[in-house]
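Breakdown of the fold
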Amino acid sequence: FLQFYSWRSSYNEAIKYLSTVPKYRIQATEIAKQQGLLNRGKERGKNKRSKEELKEEDEEIIRDIIKNKIDIKGGYQKPQIFDILLFQIVLFPYYFIQYVSWYARWVYTFSIKREEYGETEKLYLIRKYMKMSQSQFDSLEDERKKMFLEEELWIRENYETYKKEQEEEMKKKMASDPRWKRYRRWMKNEGPGRLTFVDD
């Protein structure tokens, strides 16, 4: 269960960080105001709280809204008890049968019946070509996934062309980057492992 608590700690840190990011903080603040959670009147008497206490309460409200309203994808999503290794081992036979069933259905539907891929299947193939995990792929912007579909990257030939174009573009950027030029100059003139020790 240490794995679960470690994930939960990472998740809470991600929430804490997102509450400082303007994009998410503004969204959460707007939702809180719409729900009347931040529209407090002035407190009087014995129940009056300090500015620090009110500020901490506001922060807690914003963090709760980010937890409930904003879907964190990738490596910092909300941890589930079934994700820990112990449960994965226990549930392996179930997942294995589920995979075999899915694979048989895939072969029958798309290899035998020759049906066209749906959007889910297209994105699965694109993710497979990119060698990305489900969580990594989920963390990509929706606009980027839409671009993948428009480029028809589920077709292997199209993906290979796209990959080459991206590699060429990256090479051009690196070639024109002053920092990369300095690094190449250093590698040529100095290089790693060229430390010399001179005896006194």
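Refer to the structure above for everything that follows.
This text gives an overview of the structure that appears in the document. (Residues numbered from 1 in each chain as written. Predicted model: local features only at pLDDT ≥ 70, side-chain atom pairs only at ≥ 80, totals over all residues. Heavy atoms only, no water.)

**Brief notes about the overall build of the chain**
Helices and strands together make up the secondary structure of the chain, namely 10 helices and zero strands. When the helices and strands of the chain are placed in sequence order, the string is α-α-α-α-α-α-α-α-α-α. Looking at the chain as a whole, 20% of its 200 residues qualify as buried. Residue pairs in contact within the chain that sit at least 24 positions apart in sequence constitute 53% of those at least 6 positions apart. Only carbon and sulfur atoms are counted for the fraction: they give 53% of the accessible area of the chain, which is about 16,500 Å². (Helix = DSSP H or I, 4+ residues; strand = E, 2+ residues; numbered from the N terminus. Buried < 20%, exposed > 50% of the residue type's maximum accessible area, 1.4 Å probe, protein only. Contact = heavy atoms within 4.5 Å. Areas by Shrake-Rupley, 256 points an atom, 1.4 Å probe, with all protein chains shown as cover.)

**Quick notes on the side chain of threonine 29**
Looking at the element boundaries, threonine 29 is found in helix H2 (residues 22-34). If we ignore the near neighbours within four places in the chain, the residues touching threonine 29 are Leu38 and Ile62.

**Notes on the packing of helix H5 (residues 92-112) against helix H6 (residues 119-130)**
For the pair H5 and H6, the least separation of the axes is 14 Å and the interaxial angle reads 110 degrees. Judged by the angle between their axes, H5 and H6 are roughly perpendicular. The crossing of H5 and H6 is left-handed. In contact with Trp102, Trp106 and Phe110 of H5, H6 contributes Glu121, Tyr124 and Leu125. (Axes fitted to C-alpha atoms, helices over the stretch in contact; angles between N-to-C directions. Parallel < 35°, antiparallel > 145°, perpendicular 65-115°, else oblique. Left-handed = near helix turned anticlockwise from the far one by under 90°.)

**Focus on the nonpolar core**
A general feature of soluble globular proteins is that nonpolar side chains tend to end up buried together. Counting 15 residues, the largest nonpolar core has Ile126, Met130, Phe137, Phe148, Leu153 and Tyr162 as the members making the most contacts within it. Listing elements by their share of this core, those giving two or more residues are H5, H6, helix H8 (142-150) and helix H9 (156-176). With five residues, the top contributor of residues to this core is H6. Counting residues in hydrophobic clusters, the runner-up holds nine residues, among them Ile15, Leu18, Ala32 and Ile65. (Core = buried A, V, L, I, M, F, W, Y, C linked by side-chain atoms within 4.5 Å.)

**What about the packing of H6 against H8?**
It is the contact of H6 with H8, at a shortest axis distance of 10 Å, that shows an interaxial angle of 95 degrees. As judged from the angle between their axes, H6 and H8 are roughly perpendicular. Contact with H6, carried on its side by Glu119, Lys122, Leu123, Ile126 and Met130, involves Lys145, Phe148 and Leu149 of H8 and no other residues of that element. For the contact of H6 with H8, a count of residues per class yields five nonpolar, no polar and three charged. (Nonpolar A, V, L, I, M, F, W, Y, C, P; charged D, E, K, R; others polar.)

**Remarks on a negative patch on the surface**
Together, Glu150, Glu151, Glu152 and Glu165 line one region of the surface with negative charge. Inspection of the secondary structure assignment puts glutamate 151 in the loop between H8 and H9. Overall, the relative accessible area of 44% leaves glutamate 151 in the partly exposed class. (Patch = residues over 30% accessible without salt bridge, like charges linked within 9 Å, V, L, I, M, F, W, Y side chains within 5 Å. Salt bridge = Lys/Arg side-chain N within 4 Å of Asp/Glu carboxyl O. Lys, Arg positive; Asp, Glu negative; His and termini not counted. Charge placed at Lys NZ, Arg CZ, Asp CG, Glu CD.)

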